[in-house]
Amino acid sequence: MGGFDFQGRTVLVVGGSSGIGNGIAQQFRAHGAEVHVWGTRVSADAYRAEDGSDLDGLRYQQVDVGDREAIVACQPPFQRLDVLVLSQGTVVYRRGEFEQPGWDRVIGVNLDSVMACAVKFKPLLSEARGSLIVISSISGSRANLGNPAYAASKAGAISLTKSLAAAWAGDQIRVNGIAPGLVDTKLTKVTTENPKRRDAALATIPMARMGTPEDMAGAALFLASPYAAYVCGQTLTVDGGLTLS
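Please read these numbers as outputs of a predicted model, since none were measured by experiment.

Participant: Looking at this structure, how should I read the pattern of salt bridges?
Facilitator: A pair can form between side chains of opposite charge whenever their charged atoms are brought close. Going through the model one piece at a time under the given rule, you end up with 6 salt bridges. In this structure, aspartate 82 engages arginine 80 in a salt bridge whose closest nitrogen and oxygen atoms are separated by 2.6 Å. Judged by relative accessible area, which is 4%, aspartate 82 ranks as buried. With a shortest N-O distance of 3.4 Å, glutamate 193 and lysine 189 are connected by a salt bridge. Residue classification places lysine 189 among the partly exposed residues on the basis of a relative accessible area of 29%.

Participant: Could you clarify how one ought to interpret the sheet that holds strand 1 (residues 10-14) in this entry?
Facilitator: Within a sheet, each strand pairs with its neighbour through backbone hydrogen bonds, oriented either parallel or antiparallel. The sheet built from 7 strands is open, its strands ordered 3-2-1-4-5-6-7 with parallel pairing. Looking at strand neighbours, the two that pair on one side only are strand 3 (59-62) and strand 7 (235-238), the edges of this open sheet. On average, each strand axis in the sheet is tilted by 20° relative to the strand beside it, whichever way the strands run. Where helix 3 (residues 100-128) meets the sheet, it contacts strand 1, strand 2 (34-39), strand 4 (83-86) and strand 5 (131-135), and its direction lies at approximately 180° from that of strand 4. Across the sheet, helix 4 (residues 148-168) lies against strand 5, strand 6 (174-180) and strand 7, angled at about 160° from strand 6, the strand it touches most.

Participant: Got a minute to help me understand the packing of helix 1 (residues 19-30) against helix 7 (residues 213-224) in this structure?
Facilitator: How two helices pack is summed up by the angle between their axes together with the distance between the axes. Where helix 1 meets helix 7, the axes come as close as 8 Å, and the angle between the chain directions of the two elements is 55°. Looking at the two axes, helix 1 sits oblique to helix 7. Judged by the twist between their axes, the crossing of helix 1 over helix 7 is right-handed. Across the interface between the two elements, Gly19, Ile20, Gly23, Ile24, Gln27 and Phe28 from helix 1 touch Pro213, Met216, Ala217, Ala220, Leu221 and Ala224 from helix 7. Of the residues assigned to the contact of helix 1 with helix 7, the class counts are 9 nonpolar, 3 polar and no charged.

Participant: How should the packing of helix 3 against helix 4 be read in this particular structure?
Facilitator: Remark: helix 3 packs on helix 4, axes separated minimally by 8 Å, with the N-to-C direction vectors making an angle of 15°. When the axes of helix 3 and helix 4 are compared, the pair comes out roughly parallel. Crossing handedness for the pair helix 3 and helix 4: right-handed. Contact residues: helix 3 offers Trp103, Val106, Ile107, Asn110, Leu111, Val114, Met115, Ala118, Val119 and Lys122, while helix 4 offers Pro148, Ala149, Tyr150, Ala152, Ser153, Lys154, Gly156, Ala157, Leu160, Leu164 and Trp168.

Participant: Any chance you could explain the environment of glutamine 62 here in plain terms?
Facilitator: The residue glutamine 62 is located in strand 3 in this model. Along the primary structure glutamine 62 and arginine 41 are separated by 21 residues, whereas in three dimensions their C-alpha atoms are 6.0 Å apart. If sequence neighbours within four positions are ignored, glutamine 62 has contacts with Gly39, Thr40, Arg41 and Val42. For glutamine 62, the side chain forms a polar contact with the main-chain oxygen of threonine 40, separated by 2.9 Å.

Participant: Can you walk me through the nonpolar core in this structure?
Facilitator: Among soluble globular proteins, nonpolar side chains are generally buried collectively. One finds Ile24, Phe28, Val35, Ile133 and Ile178 to be the most contacted residues of the largest nonpolar core, which totals 28 residues. Among the secondary structure elements, those contributing two or more residues to this core are strand 1, helix 1, strand 2, strand 4, strand 5 and helix 7. Among the elements that make up this core, the one with the highest residue count is helix 7 (7 residues). In contact with valine 35, other than residues within four places in its own chain, are Val11, Val13, Ala25, Phe28, Arg29, Leu58 and Arg59. The next biggest cluster of nonpolar side chains, apart from the first, holds 27 residues, and it includes Trp38, Ala118, Leu125 and Ile173.

Thresholds applied
Residue numbers run consecutively from 1 along every chain, following the written order of its sequence. With the structure being a predicted model, the display of local features is reserved for residues of pLDDT at least 70 and the display and counting of side-chain atom pairs for 80 or more, all residues being used for whole-chain, interface and lining totals. Working from all heavy atoms in the structure, the side-chain values ignore hydrogens and water. A side-chain nitrogen of Lys or Arg and a carboxyl oxygen of Asp or Glu constitute a salt bridge if their distance falls within 4 Å. Note on classification: 1.4 Å probe, protein chains only; a residue is buried when its accessible area is under 20% of the maximum for its type, exposed when over 50%, partly exposed between these limits. We treat two strands as partners when DSSP finds at least two bridges between them. Numbering of helices and strands runs from the N terminus, with a helix taken as a DSSP run of H or I at least four residues long and a strand as a DSSP run of E at least two residues long. Note on definitions: angles span 0 to 180 degrees between N-to-C directions of axes, and those axes are lines fitted to C-alpha atoms, for helices only across the stretch in contact. Should any heavy atoms of two residues lie within 4.5 Å, those residues are counted as being in contact. When an angle is under 35 degrees it counts as roughly parallel; over 145 it counts as roughly antiparallel; between 65 and 115 it counts as roughly perpendicular; any other value is oblique. Handedness of a crossing is defined here by the sense of rotation of the near helix relative to the far one, left-handed for an anticlockwise turn of less than a right angle and right-handed for a clockwise turn. Throughout this entry, Asp, Glu, Lys and Arg are counted as charged residues, while Ala, Val, Leu, Ile, Met, Phe, Trp, Tyr, Cys and Pro are counted as nonpolar. The remaining residues, Gly among them, count as polar. Any N or O atom pair separated by 3.5 Å or less is treated as a polar contact, with the protein-specific requirement of one donor-capable and one acceptor-capable atom, and with residues adjacent in sequence counted only for side-chain atom pairs. Working definition of a nonpolar core: buried Ala, Val, Leu, Ile, Met, Phe, Trp, Tyr and Cys residues. They are joined through side-chain atoms within 4.5 Å.

Next comes the structure, spelled out in structure tokens:
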């Protein structure tokens, strides 16, 4: 496995119970890491494969990052942390983000909790000379007609990645990010399960396919590996070419 050998490393994937986070968590596990995941449901048994969840071999803990007090109060079952992946995310459809409750919920999960989790684990990451990876979105660099809070939160996450990278490089923490394009997860079912919307979306992607959680996992493994030892403050776009035009 070379530089992708994570034997003896501890990884936490916030939002690792399903979707992109789950794909990333399972790839770190496949490459030897001890992988912990945070999710909102009471136990790992509450997740289903059809929701994009595979918690086999992962160490699950219930933490709703939409609740800042829950983040602060959480006592993680590890004393070393080499890689922290912040993959939490939510969206409110039907123009719900134009109303205050929807806006607050999305900003709270997608941006506020990213900072809260990063600060919570900074001491462990510094001690391990570790890596922090923030999952944002290409929506952070373009208009999103129906989801202003989602777009704003992801733009904020991209900017936060740069700021934390500059602030914490001296603490031996490398901070980088990934901006996925259209990935087939439960959050994108409004597009992927509507044939007209799906076909229209695919027509804009030069590689003519949606991304997968495994595609994002490859980028995460790279950013956490020695191969990316001099990569700092970058958000890697992984979108099949969608943003090329």
